[in-house]
Amino acid sequence: MVDTANAGIPPLQSSVDRQATSMHSTICGLDWQGQSASAAFTRADRELTEQRRFENDGLRSLLNAAGQMGEALAEQIDTLKTQGHALEGDDFRVDEDWSVHETLNFADAERTASEADDTALLHALTAMASQRAQRAANATAYLQSLATTLFTTDNDTANAIKSAMEAITTLAPASAGLNAEMADRDLSNGHLGPQAISDLQAALHLTPQQLEAIKNGQDVDIPQGQYDYLQRLMRKMDGRSLTDLNSEIDKQLGPRGGQYKSLLGDAFEVMSGSHTHTVAGGRGGMQQLPTELRGMLTDGYPFENQQGSYGVLQVKHLGDWQVLNSFLQNGNPALRAGTDLDRGLLRQASIIGGTITHGGGKEQWNTDVPDYDEVQGVLSNMLHNAAPDHEAVADFLTGRDMAGVDPNYKEHTGQQAFLSLVTHHWDNHAGGLDDVLNGIGQGAHAGGFQGTLGAESADVVAHVLGDPANSARLLGSTPMGEYNPEVAQTLTKNLIPYLGNLGGVETPGIDAHALHAFNTTDEFTNMIKVLDTDPVSARAINIAGAAWTNHLAYEYGLHGDESYARAAGVFNHVFDDANTQEAAAIVHGNEVMAAMKEEDRQREWDTVQAILGTGFAGVPSYHGVGLLQAMNILAPAGKAELLDPSSVSNYDDQWSRGIKDANWQYDSLAGPDARAAAIVQGYADTHPEFVQQNSPYFNGGRLDIDAVNSDSGTFRDLYKVVRQQYDNGFNDSNEGFPAGRDSTNHRIIPFIDGDTPDPRRPPH
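### Describing the overall build of the chain
Helix and strand content of the chain: 33 helices and 10 strands. A total of 764 residues make up the chain; the buried ones form 50% of that total. Counted over contacts in the chain with a minimum sequence separation of 6, partners at least 24 positions apart contribute 76%. Counting every atom, the chain has about 33,700 Å² of accessible surface; 49% of that belongs to carbon and sulfur.

Next up, the structure:
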């Protein structure tokens, strides 16, 4: 086989080189004019380069693997065979594990010599047996070592051949032979040809480098034949509903139909992708999709009845939406990067969700065709399928690059579209919206393009929630967290990483140019009030707020810079105001509910921990102390009491009591004592002599909370010592910090000059 490979590959290399050179010469020798000449010459040069890469990187690597490494492999095999046969010829046995064993019966011979009293023969036999035993041992060690080397060489050769074949596949993929006429063959008058699946698989081939490029917002050039095939396939589906297409696929492909449907879903993504290009000027986008699908994604009023009319409200193309979701559900998420298909899914879900209401409203819902839950499931799946496309989500929210979906789509449109999604009553169908919001949190510390997308999306979400008119709507007679508790919790989880920047504190790893601080503490307060409308969400956001407040107090103790105290004042004011206002509004006018059971409180706390664990994942710790560790160190009593609201008055309703508990919880975790401990700990971390002088209150450089609690008076004296070191007008009122805001307009003062390096680190 090695000889065959060695003999066959060089002629193939020569043939590839001749054909590549001939093709390049032919194209460049034609009489091209103007821009077409430049495009043709560029394409010819590119194709020649690719052919040479195929020859050098692919075929030569394969020749090396099959040649040089194959020769080493053959030599080692020959050595093993020769040595083994020689040992077997000398009356040794060689087993499969390459161990060598004696076959001569020295015991019988020695017994005979002993009976004959032949001492000389007996000594000779004993010596011979010993020598052969040593030879067997040496041969075993040698052969087994050689076999191990052979095994390693065999693996190395296999891996080298595999790598060479992968390079050849990348440089000469199956898509290289595709053209538009093949699409005519594969889908002719509704009939699917035998090569339909394999051809479409080849047409969707993108290299790992190309997939990484589109993930990072970069354009990629795909081969013209690949593009032509996909474009013709889209045109073959013009005028056909997805429901009809789905039926034809099932009829003709049977069990294999599911595979073809998923490939079609991927084809819709690739051909509607903003980053899909060809050297000759081909581009992806909404205009490339089949006409019926394009109409579904761009319809400004996707309902059967006329806009503004009353009566039965029916979603257009509901069956087609279901089919589209089924095509996309098992597709390749890596292809969902900046596509108009995903932008359209988000836009249409917001329009439909923002129009229909559960249980009535200005439109009535016909429960016969179809029922409400069916539409809810379709909307959730639309969002689920678009969620991996973080670029489309950011565009949907910011209003950027949405012209393919709606030429009039602006920044304000995106804000209202998001509001439509969070105010829609999702019941038990919020999973799709959760997926969209989770992508925002995932981008917090992703870095690069994905990090920018996350920050841009968080910026829109936070400022929509902080807008006075929007927050008033979300805090209405039925607050958002009451009818959409899961959405409130998911918002909290995915906004926690961005809290610092929103409060004016630039957080390492988060794109500060894409995420802007609130202009006023009132806006910040509005957002927290909205997140306070669900008890679980309220607990989580208040713990996060306390963590930030204590962290900034710690940094104040560490550096003595008043800006830290001022920033902590922002957080303290915001959370105190939000909790006070929201608790008062919630207590008023809510229905009586049963008291919360212990297991319900435990379940709530488990959810809170999960929200915090995800929300702070990836945020750098400070001095090795993470968020939850810091909470345990600075407010140990708070954790034990989180599940015990007995210290709070027994409000009539479970939900409003949960909100009030969260307010109390923030006061417990970020109250004056906790902030004092944080400041002292920060000072101690930069003043080891302070730790030595007050060693009874420290253990390993950390405050000993038990010692502090047992002698709180002395601890307050320690705190005063630190205060005296930082004599800069620090306010020791119940708030514990300077106001952190302008008393006239509540303006948030920027915490960091973006041009100045600063050691501030957020909680973890």
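### Comments concerning the nonpolar core
If you look at the biggest cluster of nonpolar residues, it comprises 128 residues, and the most contacted ones within it are Leu 200, Tyr 260, Phe 268, Leu 465 and Met 527. Excluding residues within four positions of it along the chain, Leu 200 makes contact with Tyr 229, Leu 230, Leu 233, Tyr 260, Leu 263, Leu 264 and Ala 267. With 26 residues, the next largest nonpolar core counts Tyr 564, Phe 698, Ile 705 and Tyr 726 among its residues.

### Focus: the environment of Ser 198
Relative to the helices and strands, Ser 198 is located in helix H6 (residues 196-203). Considering only alpha carbons, one finds Ser 198 and Tyr 260, 62 residues apart in sequence, at a separation of 9.3 Å.

### Quick look at the pattern of salt bridges
Tallying each qualifying case throughout the model produces 19 salt bridges. The closest approach of N and O atoms between Arg 343 and Asp 395, which form a salt bridge, is 2.9 Å. Of this pair, Arg 343 sits in helix H13 (residues 340-355) while Asp 395 sits in helix H15 (residues 390-398); the two residues are 52 residues apart in sequence, bridging distant segments of the chain. Accessibility classification places Arg 343 together with Asp 395 in one group, the buried group. Of the charged contacts, one joins Asp 685 and Arg 702 as a salt bridge, the two residues approaching to 3.7 Å between their closest N and O atoms. Placement of the pair is Asp 685 in helix H30 (residues 672-686) and Arg 702 in strand E10 (residues 702-703), with a sequence separation of 17 residues. Through salt bridges with shared partners, one network takes in Asp 340, Arg 343, Asp 395, Arg 400 and Glu 456.

### Re empty space enclosed by the protein
The full count for this structure, using the stated rule, is seven cavities of 30 Å³ or more. The calculated volume of the largest cavity comes to roughly 80 Å³. Forming the boundary of the largest cavity are Leu 206, Ile 214, Val 220, Ile 222, Glu 269, Val 270, Gly 273, His 275, Thr 276, Leu 335, Ala 337 and Thr 339.

### Remarks on helix H10 (residues 257-271)
With 15 residues, H10 should reach 21 Å at 1.5 Å per residue; the first-to-last C-alpha distance of 21 Å fits that figure. The buried count for H10 comes to 13 of 15 residues, which makes it a mostly enclosed element.

### Digging into the confidence of the model for the chain
Scored by pLDDT, the chain has a mean of 77; 69% of the residues are at 70 or more. pLDDT under 50 marks residues 358-369. Its contacts with residues more than four places away, or in other chains, come to 20 contacts. The low-confidence segment residues 620-655 (pLDDT under 50) makes 90 contacts with residues lying over four places distant or belonging to another chain.

### Some thoughts on the packing of helix H11 (residues 291-298) against H13
At a minimum axis distance of 8 Å, the contact between H11 and H13 shows a crossing angle of 45°. Relative to H13, the element H11 is oriented oblique. Contact residues: Leu 293, Met 296 and Leu 297 in H11; Leu 341, Gly 344, Leu 345 and Gln 348 in H13. In the contact of H11 with H13, the residues fall into five nonpolar, two polar and no charged.

### Observations regarding the packing of H30 against helix H33 (residues 712-725)
Relative orientation of the contacting elements H30 and H33 amounts to 60°, with a least axis distance of 10 Å. By the criterion of interaxial angle, the relationship of H30 to H33 is oblique. Considering the relative orientation of H30 and H33, their crossing is left-handed. Side by side, H30 and H33 meet where Pro 672, Asp 673, Ala 676, Ala 677, Ile 679, Val 680 and Tyr 683 of the first sit next to Phe 715, Arg 716, Tyr 719, Val 722 and Gln 725 of the second. Considering only residue class, the contact of H30 with H33 consists of nine nonpolar, one polar and two charged.

### Digging into the packing of aromatic side chains
Scanning the entire structure with this criterion turns up five aromatic pairs. With a centroid separation of 5.1 Å and 90° between ring planes, the pair formed by Tyr 683 and Phe 690 is classed as edge-to-face. You'll find Tyr 683 and Phe 690 in the same group, each marked buried. Between Phe 690 and Phe 698 the ring centres are 6.1 Å apart and the planes differ by 75°, which places this aromatic pair in the edge-to-face class. For the pair shown, Phe 690 and Phe 698 are each scored as buried. Grouping aromatic residues by their ring pairs yields a cluster made of Phe 518, Phe 524, Trp 548 and Phe 571. We note Arg 132 situated over the ring of Phe 92; from NZ or CZ to the ring centre the distance is 4.1 Å.

### Observations concerning H6
Of all eight residues that make up H6, six are buried, and the element is covered over most of its length. Within H6 the residues assigned to the buried category are Ala 196, Ile 197, Asp 199, Leu 200, Ala 202 and Ala 203. Against helix H5 (180-186), strand E4 (191-192), helix H8 (224-236), helix H9 (242-253) and H10 lie the buried residues of H6.

### Structural notes on unusual backbone geometry
A positive phi angle, close to 70°, is found at Asp 91, a residue other than glycine. By relative accessible area, Asp 91 is classed as partly exposed at 38%. Even without a glycine there, the phi angle at Asp 117 is positive, about 55°. Counting through the fold element by element, Asp 117 comes out in the loop between helix H3 (106-115) and helix H4 (119-171).

### A closer look at the side chain of Thr 278
Relative to the assigned elements, Thr 278 resides in the loop between strand E6 (276-277) and H11. A polar side-chain atom of Thr 278 sits 2.8 Å from the main-chain amide nitrogen of Gly 282.

### Observations regarding the environment of Trp 98
Within the secondary structure, Trp 98 is located in the loop between strand E1 (92-94) and strand E2 (100-102). On the basis of relative accessibility, which here comes to 26%, the residue Trp 98 falls in the partly exposed class. When the C-alpha atoms of Trp 98 and Ala 139 are compared, they prove to be 8.8 Å apart, with 41 residues separating the residues in sequence. Among residues more than four places away in sequence, those in contact with Trp 98 are Leu 80, Thr 140, Leu 143, Gln 144 and Ala 147.

So, how was this worked out
- Residues numbered from 1 in each chain as written.
- Predicted model: local features only at pLDDT ≥ 70, side-chain atom pairs only at ≥ 80, totals over all residues.
- Heavy atoms only, no water.
- Helix = DSSP H or I, 4+ residues; strand = E, 2+ residues; numbered from the N terminus.
- Buried < 20%, exposed > 50% of the residue type's maximum accessible area, 1.4 Å probe, protein only.
- Contact = heavy atoms within 4.5 Å.
- Areas by Shrake-Rupley, 256 points an atom, 1.4 Å probe, with all protein chains shown as cover.
- Core = buried A, V, L, I, M, F, W, Y, C linked by side-chain atoms within 4.5 Å.
- Salt bridge = Lys/Arg side-chain N within 4 Å of Asp/Glu carboxyl O.
- 1 Å grid on protein atoms, 1.4 Å probe; cavity = no way out; pocket = protein on both sides within 12 Å on 5 of 7 lines; lining within 4 Å.
- Points joined across faces, edges and corners; volume = space filled by probe spheres on them.
- Expected span 1.5 Å × (residues − 1).
- pLDDT = per-residue confidence, 0-100.
- Axes fitted to C-alpha atoms, helices over the stretch in contact; angles between N-to-C directions.
- Parallel < 35°, antiparallel > 145°, perpendicular 65-115°, else oblique.
- Nonpolar A, V, L, I, M, F, W, Y, C, P; charged D, E, K, R; others polar.
- Left-handed = near helix turned anticlockwise from the far one by under 90°.
- Phe/Tyr/Trp six-rings, centres within 6.5 Å; stacked < 30°, edge-to-face > 60°.
- Lys NZ or Arg CZ within 6 Å of the ring centre and 35° of its normal.
- Polar contact = N/O pair within 3.5 Å; in protein donor to acceptor, adjacent residues only side chain to side chain.

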